[in-house]
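Residues per chain are reported as follows:
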Amino acid sequence: MTEAILLVGGKGTRLRPLTVHTPKPMVRAAGVPFLTHQLARARAAGVEHIVLATSYLADVFEPYFGDGSSMGLHIEYVTEEEPLGTGGAIRNVAARLHSGPDDPVLIFNGDILTGLDIRRLVRTHETSGADVSLHLTKVTDPRAYGLVPTDDTGRVLAFLEKPQTPEEIVTDQINAGAYVFRRSVIDTIPAGRPVSVERETFPGLLAAGAHLQGMVDSTYWLDLGTPAAFVRGSADLVLGRAPSPAVPGRCGDRLVLPTATVAPDAKLTGGTVVGEGAFVAEGARVFGSTILPGAVIEPGAVITDSLIGTRARVGERSVLTGTVIGDGAIVGPDNELRDGVRVWCDARIPAGALRFSSDQ
């Protein structure tokens, strides 16, 4: 296997305001665009040629990654004129592949952080003789996911919608968002219209008697679709809990990028990242958070499990927990923002305007 398709066309609506100006795969995790981690792991598994299926803010990708040579890759870009869904996106880039009809092609989603053993998935595909092989992972509570039961040999039996009752939970195995397709199978996906690989392609192949193989790999897996998950994923990369050869520094409690400035008495822990040109002032405490390039954290601010956008500013003594501050936004001094708050890009919050406790 030397080829891969990476699906990076989603709008990332659940991540807004992070994705107002930046496509989801380009939001920085552990100091670099998240896509960098996926490309690096694919390259480490032997992939040489990657086609990026782009759509939303598509012109951002190529200026950053170019032809991929700096990463030892050959990267091509295909942009959808209209969103085509996961299956439609795969079919839309098929002409750029060089593989023969029976060759394996790796396909993965641009918002999954995983420790998947890619080489093992390919071996499983080849030894089982499958038409499509899927990475499956086990979750404690599968109610939010489609279920993928398999037989004793790992052969997929069905694709089940999100269970509505306890009786419908027949397995804890879910689709983890990485696949190996036999090249010829990609050409059977209808062209020129939206297609969901999960709802149409896979069930259709199963109904037609195709061999779909599941491989359970329960190493690290996280869907980065929400701000809380994205912040956690970035911290896990810094802490070394999630594997990536692209983390720009040694794993540890903090990652401070070149040109960032951190006051000697500021405390950074829990996998915190401070991006290029950012400033963390004296007495500030930052735990498990991402401070994007150019952001300013003023004296005495306390930030936990939050993401501070590029060029944003958090005022003195403000306390943020589980919040997202959009690019260029300003949170004035003495504010208190708690779980789930999203401050939009370029918004202005006056001093002491928002609190969850008294001002004493």
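Residues numbered from 1 in each chain as written. Predicted model: local features only at pLDDT ≥ 70, side-chain atom pairs only at ≥ 80, totals over all residues. Heavy atoms only, no water.

> When you look at the packing of aromatic side chains in this model, what are you seeing that I'm missing?
A ring pair, where both rings are aromatic, is described by two values, the distance of the centres and the angle of the planes. A complete count under the given rule lists seven aromatic pairs for this structure. Considering the side-chain rings of Tyr179 and Phe181, the 6.4 Å spacing of their centres and the 75° angle between planes classify their relative orientation as edge-to-face. Between the aromatic rings of Phe181 and Phe202, the centroid separation amounts to 6.0 Å while the plane-to-plane angle is 35°, which identifies the pairing as tilted. Note that Phe181 is positioned in strand S9 (residues 173–182) and Phe202 in helix H6 (residues 197–207), a separation of 21 residues in sequence. For the pair formed by Phe181 and Phe202, the shared burial category is buried. Taken together, the aromatic side chains of Phe159, Tyr179, Phe181 and Phe202 make up a single cluster linked through ring pairs. (Phe/Tyr/Trp six-rings, centres within 6.5 Å; stacked < 30°, edge-to-face > 60°. Helix = DSSP H or I, 4+ residues; strand = E, 2+ residues; numbered from the N terminus. Buried < 20%, exposed > 50% of the residue type's maximum accessible area, 1.4 Å probe, protein only.)

> Just to check I follow, could you spell out the sheet that holds strand S6 (residues 104–109) for this structure?
Within a sheet, each strand pairs with its neighbour through backbone hydrogen bonds, oriented either parallel or antiparallel. If you trace the seven strands from one edge of the open sheet to the other, you get S5-S4-S1-S6-S9-S8-S10, paired in mixed fashion. Each edge of the open sheet is held by one strand with a lone partner, namely strand S5 (74–79) and strand S10 (212–216). In this sheet, adjacent strand axes meet at a mean angle of 25° when their direction is disregarded. Summarising the sheet, strand S4 (residues 49–54) and S5 pair through six bridges and their orientation is parallel. Bridge assignment links Thr54 to a residue of S5, and that residue is Thr79. Along the sheet, helix H1 (residues 34–44) makes contact with strand S1 (3–7), S4, S5 and S6, crossing S4 at roughly 150°. Seen against the sheet, H6 touches strand S8 (132–138), S9 and S10 and runs at an angle of roughly 65° to S9. (Pairing = 2+ DSSP bridges. Axes fitted to C-alpha atoms, helices over the stretch in contact; angles between N-to-C directions. Contact = heavy atoms within 4.5 Å.)

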